[in-house]
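Chain by chain, the residues:
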Amino acid sequence: MPDTPYSLLTISVLGLLVYGFTWLLVRLGFISGAGQRKFWNALLLIAVFVAGTLGLILAFTVNYKINFPLTNRLLVWHVDFGIALGLIAIFHFSNHIKYYLNIFKKTDNGHKQEKKVSHEQLSVLPGHIQGYKLNLLPFSLGFIAMATQLILIREFLAVFYGNELTIGIMLANWMLLTGTGAYLNRRNAKQPGLKGIMMGLFLLAIIPVLTLFLLYWLRNRILPVGSLPGIGQIITGTAVLLAPFCLLSGWLFGALSFYLSEIKKENNISYTYAWETIGSIAAGILCSMILIFLFEPFQNMFIVLIINTIILFLISWKEIAEGKKRFYIYLLVAVIFGFTALFTSPDRSAMRFLYPEQVIKVLKDTPYGKLVVTEKAGQLNFFDNNTLLFTTNNVILNEETVHYALLQRNITGNVLLIGGSISGMTQECLKYPLKRLDCAELNPGIIRLGETFNYLPADPRSKMYSGDARVLLNRAVHKKSELISVGRSDRKELDSLIYEAIILTVPDPSTLQINRLYTVEFFKMCKSVLVEQGIITLSLTSTGDYVGNDALKIQSTMYQTLKAVFKNVMVIPGEKNYFLASDGPLTTAVSMLGAKQGIENEYVNEFYLDDASIQERSANIMQRISVAAPLNLDFEPVACYRQLHYWLSYQGNFNFYMLVIPLLILLLVIGLRSSGITVALFSAGLSSFSLEIILILTFQVIYGYVYLATGIFITFFMAGLAPGVMLAKRYTGKLTFKLLILLQILSVAILLFSLGSIFIFKHFQIPILTVYVIFSLLIISIAMITGAQFHIASVLKKGNIQQTAAEIYSADLVGSAIGALLVNAWLVPFFGLVNSLLVVAGVIVFAILLMLVKRQT
Amino acid sequence: MERRTFIASGLVTAACLLCRNKMLMAGLNEFADVPPDSPLWKWSREAYHYKVTPRGVECTNCPNACVLKRMETSKCRNRINVKDKLYSLAYGNPCAVHIDPIEKKPFFHFLPSSSAFSIATAGCNFACLNCQNWEISQKSPKETVNMDLMPESVVEACLRNKCESIAYTYSEPTVFYEYVYDTARIARAKGVKNVYKSNGFINEQPLRMLSKYLDAANIDLKGFTEDTYLKLNSGKLAPVLRTLQVLKEEGVWLEITNLIIPSWTDDLNIIRDMCKWLVANKLDECPLHFSRFSPLYKLTQLPATPIATLQRAREIALNAGMKFVYVGNVPGTNLENTLCPKCKKTVVERKGFVLIQNNIVDGKCRFCGQQIAGVWS
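Residues numbered from 1 in each chain as written. Chains lettered and ligands numbered in written order. Predicted model: local features only at pLDDT ≥ 70, side-chain atom pairs only at ≥ 80, totals over all residues. Heavy atoms only, no water.

Focus: the overall build of chain A
(1) Moving on: Looking only at helices and strands, chain A features 31 helices and 11 strands.
(2) Moving on: A compact globule built from 857 residues would reach a C-alpha radius of gyration of about 29 Å, and chain A, at 30 Å, matches this within 12%.
(3) Moving on: Principal axes of the C-alpha set define a box for chain A whose edges measure 95 × 85 × 60 Å.
(4) Moving on: Counting over 857 residues, chain A shows a buried share of 59%.
(5) Moving on: A total accessible area of about 34600 Å² is found for chain A, and carbon and sulfur atoms account for 66% of it.
(6) Moving on: Here chain A contributes 66 positively and 49 negatively charged side chains, and the mean placements of these two sets differ by 14 Å. (Helix = DSSP H or I, 4+ residues; strand = E, 2+ residues; numbered from the N terminus. Rg over C-alpha atoms; globule rule 2.2 N^0.38 Å. Buried < 20%, exposed > 50% of the residue type's maximum accessible area, 1.4 Å probe, protein only. Areas by Shrake-Rupley, 256 points an atom, 1.4 Å probe, with all protein chains shown as cover. Lys, Arg positive; Asp, Glu negative; His and termini not counted. Charge placed at Lys NZ, Arg CZ, Asp CG, Glu CD.)

Rendered as structure tokens:
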């Protein structure tokens, strides 16, 4: 526990506990709701009085320079009461939310009043369609929403910065805003008819094009050119830009539920949900399996727009026959946009906004990221998702990365280079008389760029591999053990599988995906394919002339993680901080080694490097490294968490918990304030989304990053929702609140079963196909439960259609949003994959308890 | 007034008080771990340059001119008003101490091949987006892990390590002025040279006072427009230009570094204007170092500076009348050699931080006798 001057945590925890206690007393009937409110109002008054009075005293002492011996003590009390005040204010607001909302509503006497949709209004909706066309409406909504999400989120990550926190923020913003859109429509008296819905759907397909344009256009107008956006800028930037699309999309869900229910004269919320999901599946398959490989983002957006226009045509073709012109207007707009896409190359134009004063030489969207090559003053710059991979003529980085490690040994065998295959590092490696140089790149697009610019080494000793380094190493490890187990002593074949050095040149472990290459398990894998005194090197961002506290934490974890596998570990500071690890000896005297081995370099030589100075700077870092630093493991990605903290320290004194604590409070307030049905939907969203993310990450940890597998799991998740709804619809028994609770218990069982599966896969070698099948089944199961819960909730929830649709849809989305942010940014990096599942299961158990205590609505 | 209205008003008032209070606390937070009546620590000294005004204590050390109420800290995070006296929090507590070749600062015309005992404390009066040492510069001394090295000890350590000079560098020495001044005074008395690596954002009076003990200064001229200074560095250009003039007047050996950052400071017309200004102000004999930018800190979404741009900038500077122009951070070129401005022969050949050949005799070109500006021995 840090030594903090103010009792933020104590007061918050105490306040929440006392509030929980009084809430329980009310629920159990010991005190009345009014009694509880009086109690908290009294506390509020006390807190206001004390904090205010102390504030006044402090203002006098500071303004008029009155020396008062207790000033500092008073300040602490003032702040502590302020904290209590803030917390009680949240409770107060939560207790009296209707009062505040009513302030803005008109009463009969000219004031605002809650509007209710009358049955008369329901039956006079303009425009009617029948049959399959009805399904096409929610299908179209789901299709546009998912396609836009898949395309836009990638672009946002490319323009801002992609780590687990920012991914979580974007997904959370997306779902929160969509949920808000649905919620805003809940009391709308004038629900749109077919014409309005179709116009809304058409608009929905146009907004993403404009959003994408604004994203690129505004980037360097609002933020300093080339700068890393701050966390506040990412939160507000994504929220503002996504708001038009997400709000409309959520709003349309409510409107569609209402329209379809009205047409069919029955509650059709879950039907809308199911067809929206089917639309999402179609978009998911089309975008992630086809479009992303073939086209660029703007082009993809236009394709989605055209498909949407065709759907709208199918819906309203009869109207055209009757002479209505609406469709022609849609078609005209779509054609104008389409021609713009074809003849103005909007993606390249957008890139010019992002890379001012640079010539865009190549722009290639790959499933792994957006690759851009720019040229300025004869220099080529290679970017991956707007992060600089390398520039030509970066002699210092290339030489330091390679030679600090290779100079330590007389390299004559094989060397493995992970990443950096076209940056010039291969040429540095090939200065040694090595036998074979294996280069592994996750993204095949990078190798293709190497071919385009002729950066691939022509030397026959070098070989390029496209794929995840873990998959490559796993194969080598298995082949080696196979050879040994069958007693084949073919020295040549065995030698071809082992390396004298492994050079890891991937970015810092800022995402869980990259973190897999910095764990104890990965280093063990490396060691098993290294020769006896083989060497491995990796690098982290330079700490300059001084190692700050947050940087020290990540450096310490990396040091101890390597130390857990190798006898000797050393840090050499340079353009980056280079970590060298081996069971053999290591030295910082690199310039002396260079001279001894006769390797001719431009930078790593005695002219630029002073061995004594390197030794002194290396010792400075090593002395401060903490021996108690936790290890970075596959299932406990500490380095990723510490890297996130380090990144946040760029923003000044931003505290990670400034994000997490409000989320937890929001979680609690939602839990306490909502009806049992809302809690059920909220926790269903949270559990299903969390499980989906955790299983995908687990698969990546065990079997390496496989783009197709990720796509399959996401599609299976979506595919599970619709059958869930249908099954619940066909259920002949009575749909009760108890059934909802039972399904919730079943989802906890699935979470625990997943936990067991992960445990088994972690410790035993299981065929990949089995894992595929089991993970897919788990994902489908939890998705089906969510779908079924959605239907049951839509039936059980009292109130009019649009209100019910809005509340359960937004509860589901808010649950998913909080799940996305908590799991991605906090739970997995902080608690690890297995424990995160336990925490999520714990939250769902808490939700079940809440549902048991609460009334149905 | 209704009960609810009263409570609502109470909440609004409380919120206002909290916000106000938060502002007041900005300076106090840092001292929460020390006894309430002594916010200072062992490494505090009363500042040399400040004045008491009705609005509070005004720091007159740098053009930020922070006016601090009691217990408030300055923008540079290094100065605090305690009972209407201004104190430095960075005196004898460097967080970075290294021995570097003098060429690394860079100084190319000042004691070539010598070593500089280099020190820095936390804090800076700028907030550059590309700061290499942001973990020092954007922190207060209370947040860094520091050493206990009083001025006498610095000079002793410098002599013990056979360094010919003490370099005040890495962060911004202006913000630990008192420490620099006292150390420089002792060093001068013991025959050790003092070199100042700074952003030049310092007021004239403290600069003139310090110049009496400075032997050389390298000033970062980060751009040549006020707009760039404001957006890239949170600073101002005019005071930096004045610093260059004052250092020249005070006879301190001066070298200038200009970091060329793509999209920020790579406009060749502006570079031309900058060089013209330097020549017009008789700074043409000051070595000018164009440095290559590498993506750092918050500016990581930019490429490194193209070498062709650096070479072009060098040509422009030479054409404008600058006599000694170098290109830094680019190994493998001969752009770090010193050429005689008269006979154009190489008088100092460098490779990295190593002197390959030195053809300067008594400060003059061995080939043509031309005086080569600098401190050569």
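Back to the write-up after that little detour.
Topic: the overall build of chain B
(1) Moving on: Of the regular secondary structure elements, chain B holds nine helices and 19 strands.
(2) Moving on: Surface summary for chain B: the accessible area is close to 14500 Å², and the carbon and sulfur share equals 52%.

Some details on the pairing of strand E3 (residues 379-384) of chain A
All names here are of chain A.
(1) Moving on: Of all six residues in E3, six are buried, a share of seventy percent or more.
(2) Moving on: Of the two faces of E3, the one holding Gln379, Asn381 and Phe383 and the one holding Leu380, Phe382 and Asp384 are both buried throughout.
(3) Moving on: Here six bridges tie strand E2 (residues 369-376) to E3, and the two strands are oriented antiparallel to one another. Within E3, the residue paired with Val373 across the bridge is Phe382.
(4) Moving on: Following E2, the chain reverses through two residues before pairing antiparallel with E3; Ala377 in that reversal takes a positive phi of roughly 45°.
(5) Moving on: Looking at chain direction, E3 and strand E4 (residues 387-391) are connected through four bridges and run antiparallel. Its bridge partner being in E4, Asn381 is matched across the sheet by Thr391. (Pairing = 2+ DSSP bridges.)

Quick notes on the interface of chain B and chain A
(1) Moving on: At the interface, 67 residues of chain B touch 68 residues of chain A.
(2) Moving on: In total, about 5700 Å² of surface goes out of reach between chain B and chain A, with carbon and sulfur atoms giving 57% of it.
(3) Moving on: Along the contact surface separating chain B from chain A lie two salt bridges.
(4) Moving on: Its salt-bridge partner being Lys376 of chain A, residue Asp266 of chain B comes within 2.5 Å of it at the nearest N-O pair.
(5) Moving on: Applying the counting criterion to the chain B and chain A interface returns 22 residue pairs in polar contact (both at pLDDT 80 or more).
(6) Moving on: Of all the secondary structure elements, the ones that give two or more residues to the side of chain B that touches chain A are helix H1 (3-28), strand E7 (96-101), helix H2 (134-137), helix H9 (307-320) and strand E17 (354-358) of chain B.
(7) Moving on: Here the side of chain B that touches chain A takes 15 residues from H1 of chain B, the largest share from any one element.
(8) Moving on: Looking at the side of chain B that touches chain A residue by residue, the class counts come to 36 nonpolar, 17 polar and 14 charged. (Contact = heavy atoms within 4.5 Å. Buried area = accessible area lost by both parts, 1.4 Å probe. Salt bridge = Lys/Arg side-chain N within 4 Å of Asp/Glu carboxyl O. Polar contact = N/O pair within 3.5 Å; in protein donor to acceptor, adjacent residues only side chain to side chain. Nonpolar A, V, L, I, M, F, W, Y, C, P; charged D, E, K, R; others polar.)

A look at a nonpolar patch on the surface
Residue and element names in this part refer to chain A.
(1) Moving on: A contiguous nonpolar surface patch, about 560 Å² in accessible area, is contributed by Tyr132, Ile306, Ile310, Phe313, Leu314 and Trp317.
(2) Moving on: It is helix H11 (residues 297-321) that contributes the most residues to the nonpolar patch, five residues altogether.
(3) Moving on: Its place among the elements puts Phe313 in helix H11.
(4) Moving on: When its relative accessible area of 33% is taken as the criterion, Phe313 is described as partly exposed. (Patch = residues over 30% accessible without salt bridge, like charges linked within 9 Å, V, L, I, M, F, W, Y side chains within 5 Å.)

Comments concerning the nonpolar core
(1) Moving on: Ranked by size, the top nonpolar core spans 297 residues in total, and within it Leu221, Leu244, Leu278 and Phe290 of chain B carry the most contacts.
(2) Moving on: A total of 17 residues in this core trace back to one element, the largest contributor, which is helix H26 (residues 676-703) of chain A.
(3) Moving on: By size, the runner-up hydrophobic cluster in this structure holds 33 residues, among which are Leu397, Leu434, Leu437 and Leu593 of chain A. (Core = buried A, V, L, I, M, F, W, Y, C linked by side-chain atoms within 4.5 Å.)

Digging into the sheet that holds strand E6 (residues 85-88) of chain B
Residues and elements named next belong to chain B.
(1) Moving on: An order of E1-E6-E5 is seen for the three strands of this open sheet, with the pairing classed as antiparallel. With partners counted over all chains shown, the strands left at the sheet margins are strand E1 (45-46) and strand E5 (79-82), one partner each.
(2) Moving on: In this structure, E5 lies alongside E6, joined through four bridges in antiparallel fashion. Bridged to Arg79 within E6 is Ser88.

What to know about the packing of helix H7 (residues 164-184) of chain A against helix H30 (residues 801-831) of chain A
(1) Moving on: It is the contact of H7 of chain A with H30 of chain A, at a shortest axis distance of 8 Å, that shows an interaxial angle of 170°. When the interaxial angle is binned, H7 of chain A and H30 of chain A end up roughly antiparallel. (Axes fitted to C-alpha atoms, helices over the stretch in contact; angles between N-to-C directions. Parallel < 35°, antiparallel > 145°, perpendicular 65-115°, else oblique.)

Quick notes on the packing of aromatic side chains
(1) Moving on: Taken as a whole, this structure holds 49 aromatic pairs over all chains when the rule is applied.
(2) Moving on: Ring geometry for Phe213 of chain A against Trp217 of chain A: centres 6.2 Å apart, planes inclined by 15°, an arrangement best described as stacked. Residue Phe213 of chain A and its partner Trp217 of chain A are located together in helix H8 (residues 194-222), separated by four residues, close to a single helical turn.
(3) Moving on: Overall, the relative accessible area of 38% leaves Phe213 of chain A in the partly exposed class.
(4) Moving on: The partly exposed category is assigned to Trp217 of chain A, whose relative accessible area is 31%.
(5) Moving on: Ring centres of Tyr608 of chain A and Phe353 of chain B lie 6.2 Å apart, and the angle between their planes is 65°; on these two criteria the pair is classed as edge-to-face. Separated into two different chains, Tyr608 of chain A in the loop between helix H22 (590-597) and helix H23 (611-624) and Phe353 of chain B in the loop between strand E16 (346-351) and E17 make up a pair that spans both.
(6) Moving on: Tyr608 of chain A gets classed as buried once you look at its relative accessible area, which sits at 10%.
(7) Moving on: Aromatic ring contacts, followed pair by pair, group Phe699, Phe713, Phe761, Tyr772 and Phe775 of chain A into a single cluster.
(8) Moving on: Sitting above the plane of the Tyr183 of chain A ring, Arg186 of chain A keeps its charged end 3.8 Å from the centroid. (Phe/Tyr/Trp six-rings, centres within 6.5 Å; stacked < 30°, edge-to-face > 60°. Lys NZ or Arg CZ within 6 Å of the ring centre and 35° of its normal.)

Re the pattern of salt bridges
(1) Moving on: If you walk through the whole model with that rule in mind, you get 33 salt bridges over all chains.
(2) Moving on: Between Arg470 of chain A and Asp634 of chain A there is a salt bridge, with its nearest N and O atoms 2.7 Å apart. With a gap of 164 residues between them, Arg470 of chain A in helix H17 (residues 469-485) and Asp634 of chain A in the loop between H23 and helix H24 (638-649) connect regions that are remote in the sequence. For the pair Arg470 of chain A and Asp634 of chain A, a shared accessibility class is recorded, and that class is buried.
(3) Moving on: A salt bridge links Asp215 of chain B to Arg188 of chain B, with the shortest nitrogen-to-oxygen separation between them at 3.3 Å. One end of the pair, Asp215 of chain B, is in the loop between helix H5 (204-211) and strand E11 (216-220); the other, Arg188 of chain B, is in helix H4 (residues 177-189), and 27 residues separate them in sequence.
(4) Moving on: A single salt-bridge network, built from bridges that share partners, covers Glu204, Arg208, Lys212, Arg242, Glu249 and Glu250 of chain B.

Things to note about H9 of chain B
(1) Moving on: Taking 1.5 Å of rise per residue, the 14 residues of H9 of chain B would be expected to cover 20 Å, and the 20 Å separating its terminal C-alpha atoms lies within 8% of that figure.
(2) Moving on: Within the sequence span of H9 of chain B, burial applies to Ile307, Thr309, Leu310, Ala313, Arg314, Ile316 and Ala317 of chain B.
(3) Moving on: In this structure, the buried side of H9 of chain B is in contact with E3 of chain A together with strand E12 (253-260), helix H8 (268-280), strand E13 (288-292), strand E14 (325-328) and strand E15 (338-339) of chain B.
(4) Moving on: Following H9 of chain B by one or two positions, Gly321 of chain B has its phi on the positive side, about 115°. (Expected span 1.5 Å × (residues − 1).)

What to know about the sheet that holds strand E9 (residues 530-541) of chain A
Residues and elements named next belong to chain A.
(1) Moving on: Pairing is mixed in the open sheet, where seven strands are placed in the order E7-E6-E5-E8-E9-E11-E10. With partners counted over all chains shown, the strands left at the sheet margins are strand E7 (462-466) and strand E10 (568-573), one partner each. Averaged over all neighbouring strand pairs, the angle between strand axes comes to 15°, with direction disregarded.
(2) Moving on: Here strand E8 (residues 499-504) pairs with E9 via four bridges, running parallel. Along E9, the bridge assignment pairs Ile503 with Thr537.

Some words on the pairing of E9 of chain A
Along any regular strand the residues' side chains alternate between the sheet's two faces.
(1) Moving on: In terms of strand pairing, E9 of chain A meets strand E11 (residues 576-582) of chain A through seven bridges, oriented antiparallel. Counterpart to Leu540 of chain A in the pairing with E11 of chain A is Asn577 of chain A.

Topic: unusual backbone geometry
Phi is mostly negative for residues that are not glycine, and the peptide bonds are mostly trans.
(1) Moving on: Following Lys105 of chain B, the chain continues to Pro106 of chain B via a peptide bond in cis, the omega torsion being 5°.
(2) Moving on: Looking at the secondary structure, you find Pro106 of chain B in the loop between E7 and strand E8 (115-120).
(3) Moving on: A positive phi angle, close to 70°, is found at Asn393 of chain A, a residue other than glycine.
(4) Moving on: Inspection of the secondary structure puts Asn393 of chain A in the loop between E4 and helix H14 (395-406).
(5) Moving on: Under the relative-accessibility criterion, Asn393 of chain A is labelled partly exposed at 44%.
(6) Moving on: The phi torsion at Asn329 of chain B lies on the positive side, around 65°, for a residue other than glycine.
(7) Moving on: In this structure, Asn329 of chain B sits in the loop between E14 and E15.
(8) Moving on: A relative accessible area of 44% means that Asn329 of chain B is categorised as partly exposed.

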